[in-house]
Amino acid sequence: MRWIKRLCIFAAILAVLWSGLWYAASTVLNQQITAGLKRMEQRGTTLTCNNQSVGGFPFQIGPRCDTISARIDGGARDVITGGAVKANALLLNPGAFAANLTAPVTLQVAGGTTAARWNSLEVNGKITFDGGFDELAMQGDQVSLNSPAVQTTVQRLALRLAPNAEPDPKAHLELSMDSKALALTSAVVAINPIDVKIDARLLQSYQALIIAKQPWPIFARDGFQTQLENLTLRTADNGMLDVSGPLSVDDAGLISGTLQIAIANPTALVDWANTLPREVQRAIAALAQSVTSVGKAQTIDGLKSKTIEVTVTRGVVKLGFFTLATLPPLRF
């Protein structure tokens, strides 16, 4: 029985040492956060973390704030305000983290106030020591965004980014999105609620976005290539549009590629599109008619659908020699 006693003593000593190391690390982290906030203030941005602390003992560690706010260039008003923040790094899995932010978050600019709300929102992933990441993901429920220009709601939202650092030309960035009942209203367009699912690979040039940290608008304007595993739109009454295949977007925002297009319940899909711009309505109606007329029958996600293969050349969609539609350029 002596070995059991020794084991208990060893475990107790180990627990005391671990606790001491954790609290020492939390003190250092708290000091680093405070120093970082001061450096930001010297550069013109005041970020306030009310009731700042560090938590997560024993196997996690990260900052806590009851509320957050930010002002830029010493402005009298808070530009950004938010609820409680809780972030954790996993000590037994270096680089892994998870963060939660309590709604609402508001952004005040010259054009008005933008407010984001949700029932739950978590961001997690794994970062690397060179400043990159292996994976970033976000999950949210009952998310809404309201601004003077646009109002957006979604019942459920999941996003994921994961770079694959294989040697060129196989290097790519995996992107996925799964949303339930996504809806949008603005002065120029209204999108009725629809389920959207996207799985894609951003090829080669993604390194300019992730590694070189090129701003997205500049990256997009330069053009890019993607392998679209699937883009699925599904209405509440089971109208469905599913698109897959290689795509490229040039510096004018025009799409080119060879695509497999599947449509189920075309009438429901066309009815859903009646709030979209006229050219988009016409494109969806033309595609629905063509796919229904000549498509190959198959079942996708439990829905009876028909599928065709089309080519897209700088926005012009063709089935063989016949032009089906012209897609407007993407604007970034």
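Residues numbered from 1 in each chain as written. Predicted model: local features only at pLDDT ≥ 70, side-chain atom pairs only at ≥ 80, totals over all residues. Heavy atoms only, no water.

S.K.: Quick one: what's the story with the overall build of the chain, residue by residue and with numbers?
M.R.: When you go through the chain residue by residue, the secondary structure sums to five helices and 21 strands. The contacts in the chain between residues at least 6 apart in sequence include a share of 48% that link residues at least 24 apart. When the accessible surface of the chain is split by element, carbon and sulfur atoms take 60% of a total near 19400 Å². (Helix = DSSP H or I, 4+ residues; strand = E, 2+ residues; numbered from the N terminus. Contact = heavy atoms within 4.5 Å. Areas by Shrake-Rupley, 256 points an atom, 1.4 Å probe, with all protein chains shown as cover.)

S.K.: I'd like a rundown of the nonpolar core, residues and numbers included.
M.R.: Judged by nonpolar contacts, the single largest core of 27 residues is most densely connected at L241, L259, I261, I263, W272 and V310. Taken together, the elements giving at least two residues each to this core come down to β14 (190–203), β15 (224–234), β16 (240–249), β17 (255–264), α4 (266–272), α5 (278–294) and β19 (303–313). Formed by seven residues, the second largest nonpolar core is a distinct cluster that contains V105, A116, L121 and V154. (Core = buried A, V, L, I, M, F, W, Y, C linked by side-chain atoms within 4.5 Å. Buried < 20%, exposed > 50% of the residue type's maximum accessible area, 1.4 Å probe, protein only.)

S.K.: Before we move on, could you go through a nonpolar patch on the surface and cite the residues and values that matter?
M.R.: On the surface, W18, Y23, F57, F59, L91 and L92 cluster together into a nonpolar patch covering about 620 Å² of accessible area. Inspection of the secondary structure assignment puts W18 in helix α1 (residues 2–42). Relative accessible area serves as the criterion here: at 32%, W18 is assigned to the partly exposed category. (Patch = residues over 30% accessible without salt bridge, like charges linked within 9 Å, V, L, I, M, F, W, Y side chains within 5 Å. Salt bridge = Lys/Arg side-chain N within 4 Å of Asp/Glu carboxyl O.)

S.K.: Outline α5, listing residues and values.
M.R.: Between the first and last C-alpha of α5 there are 24 Å, a value that for 17 residues agrees with the 24 Å anticipated at 1.5 Å per step. Taken together, the buried positions of α5 are occupied by Q281, A283, I284, A286, L287, A288, S290 and V291. Elements in contact with the buried residues of α5: β17, α4, β19, β20 (316–319) and β21 (322–326). (Expected span 1.5 Å × (residues − 1).)

S.K.: Can you tell me about the pattern of salt bridges, naming the residues and giving the values?
M.R.: Following the criterion strictly, the structure yields five salt bridges and no others. When the shortest N-O distance is used, the salt bridge between R201 and E229 registers 3.9 Å. Placement of R201 in strand β14 and of E229 in strand β15 is noted, with a sequence separation of 28 residues between them. Look at R201 and you get partly exposed, because its relative accessible area is 35%. Here R314 ties to D250 by a salt bridge, and the two come within 2.5 Å at their closest N and O atoms. Note that R314 is positioned in the loop between β19 and β20 and D250 in the loop between β16 and β17, a separation of 64 residues in sequence. Here R314 falls in the partly exposed class, since its relative accessible area comes to 46%. Several salt bridges converge on common partners, so that one network encompasses E135, R160 and E174.

S.K.: I'd like a rundown of the state of the cysteines, residues and numbers included.
M.R.: Per the counting criterion, the structure on display carries one disulfide. Two residues share a disulfide in this structure: C49 and C65, whose sulfurs sit 1.8 Å from each other. Taking the sign of the S-S torsion, -105° for the link of C49 and C65, the bridge is left-handed. Of this pair, C49 sits in strand β1 (residues 45–50) while C65 sits in strand β3 (residues 60–65); the two residues are 16 residues apart in sequence, bridging distant segments of the chain. (Disulfide = S-S within 2.5 Å.)

S.K.: I'd like to hear about the side chain of T232, residue by residue, with values.
M.R.: Of note, T232 is situated in strand β15. Among the polar contacts listed, one links the side chain of T232 to the side chain of D242, at a separation of 2.5 Å. When residues no more than four places from it in sequence are discounted, the contact partners of T232 are D195, V196, K197, M240, L241 and D242. (Polar contact = N/O pair within 3.5 Å; in protein donor to acceptor, adjacent residues only side chain to side chain.)

S.K.: I'd love a proper account of α1, names of residues and values included.
M.R.: Given 3.6 residues per turn, any residue in an α-helix points the same way as the ones three and four places further on. Here α1 is 41 residues long and its end C-alpha atoms lie 60 Å apart, about the 60 Å a rise of 1.5 Å per residue gives. The secondary structure elements touched by the buried residues of α1 are β1, β2 (53–55) and β3. At the exit of α1 stands G44, carrying a positive phi of roughly 105°.

S.K.: Residue-level account of unusual backbone geometry, with values.
M.R.: Look at the link from F57 to P58: it is a cis peptide, with omega at 10°. For P58, the position within the fold is in the loop between β2 and β3. Note the cis peptide between A103 and P104, where omega equals 0°. Topologically, P104 is positioned in the loop between β7 (96–101) and β8 (105–109).

Read these as layout, nothing more, since geometry by itself doesn't imply function.
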